Amino acid sequence: AGEDHSIAITADGAFWVWGNGQEGQLGHGVEPGFFFRPRQVAALAGRRAVAAAAGSSHSLFVTADGLVWSCGCGDEGQLGHGDKEMQSRPTMIRDFQASASVAPARAAAEAAAAAEAAAAGRQRLMQDRIARLHALFAARERGGGGDGGEGDSGTT
């Protein structure tokens, strides 16, 4: 969330914004006042959202094609267009255009690797728990009481 505006990405890959739009940071043109209900960023409709960030009075959007877009106040050059102009609608940052196919592929690969590692970790944890339960039940069937673990005296 920015200073006084927010951005969300929905499950279907759309950008939604709300809050203060007076410097174009919502991407709908310059709009005085606050918008208390989320609205889809129409200029990016049809492009799949993968990331977003809200600055104090500007917004950044990353689409699945690897392009980066910005809008809002640019008086400190924060929009990345090489100037200090305000952009009231999302405008593509041209410096990222050449690497458009690299960023999403790398991000997708990293996300997939992280998900795979987490799943493997969960599987190892479950296998360990199952093995401990089997050992506990086997010990109890033999009359040994348990495996000596926490809360278990090891006797019956």
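The model shown is predicted, which means the values in this text are computed figures rather than measured ones.

The subject of this paragraph is the packing of aromatic side chains. Within this structure, the stated rule accounts for 2 aromatic pairs. Judged by centre distance (4.9 Å) and plane angle (70°), the rings of Phe 15 and Phe 61 are edge-to-face. A residue pair is termed long-range when its members are at least 10 positions apart, and Phe 15 in strand S2 (residues 15-21) and Phe 61 in strand S5 (residues 58-63) qualify at 46 residues. Both residues of the pair, Phe 15 and Phe 61, belong to the buried class. On the basis of an interplanar angle of 20° and a centroid distance of 6.4 Å, the ring pair of Phe 34 and Phe 36 is categorised as stacked. Taking NZ or CZ as reference, Arg 39 lies 4.0 Å from the ring centre of Phe 35, over its face.

What follows deals with the pattern of salt bridges. Side chains carrying opposite charge are able to pair once their charged atoms draw close together. Taken as a whole and judged by the stated rule, the model has 2 salt bridges. The closest approach of N and O atoms between Arg 47 and Asp 65, which form a salt bridge, is 2.5 Å. Remark: Asp 65 occurs in the loop between S5 and strand S6 (68-72) and Arg 47 occurs in the loop between strand S3 (31-40) and strand S4 (49-54); sequence separation between them is 18 residues. Accessibility expressed as a relative area gives 31% for Arg 47, which makes it partly exposed.

To summarise the sheet geometry, strands pair through backbone hydrogen bonds and adopt either a parallel or an antiparallel arrangement. If you trace the 3 strands from one edge of the open sheet to the other, you get S1-S2-S3, paired in antiparallel fashion. On the outer flanks of this sheet lie strand S1 (5-9) and S3, each paired with one strand and no other. Within this sheet the neighbouring strands show an average axis-to-axis angle of 15°, counted without direction. Of the strand pairs in this sheet, S2 and S3 are connected by 5 bridges, and their pairing is antiparallel.

Taken residue by residue, a regular strand's side chains alternate between the two faces of the sheet. Sheet topology note: the S1/S2 ladder contains 5 bridges and is antiparallel. Across the sheet, the residue bridging to His 5 is Gly 19, located in S2.

The next thing to look at is the side chain of His 28. Structurally, His 28 is set in the loop between S2 and S3. According to the relative accessible area criterion, His 28 is buried, its value standing at 16%. Ignoring sequence-local partners within four residues, the contact set of His 28 consists of Val 17, Arg 39, Gln 40, Val 41, Ala 42, Ser 88 and Arg 89.

Calculation criteria
- Residues numbered from 1 in each chain as written.
- Predicted model: local features only at pLDDT ≥ 70, side-chain atom pairs only at ≥ 80, totals over all residues.
- Heavy atoms only, no water.
- Phe/Tyr/Trp six-rings, centres within 6.5 Å; stacked < 30°, edge-to-face > 60°.
- Helix = DSSP H or I, 4+ residues; strand = E, 2+ residues; numbered from the N terminus.
- Buried < 20%, exposed > 50% of the residue type's maximum accessible area, 1.4 Å probe, protein only.
- Lys NZ or Arg CZ within 6 Å of the ring centre and 35° of its normal.
- Salt bridge = Lys/Arg side-chain N within 4 Å of Asp/Glu carboxyl O.
- Pairing = 2+ DSSP bridges.
- Axes fitted to C-alpha atoms, helices over the stretch in contact; angles between N-to-C directions.
- Contact = heavy atoms within 4.5 Å.

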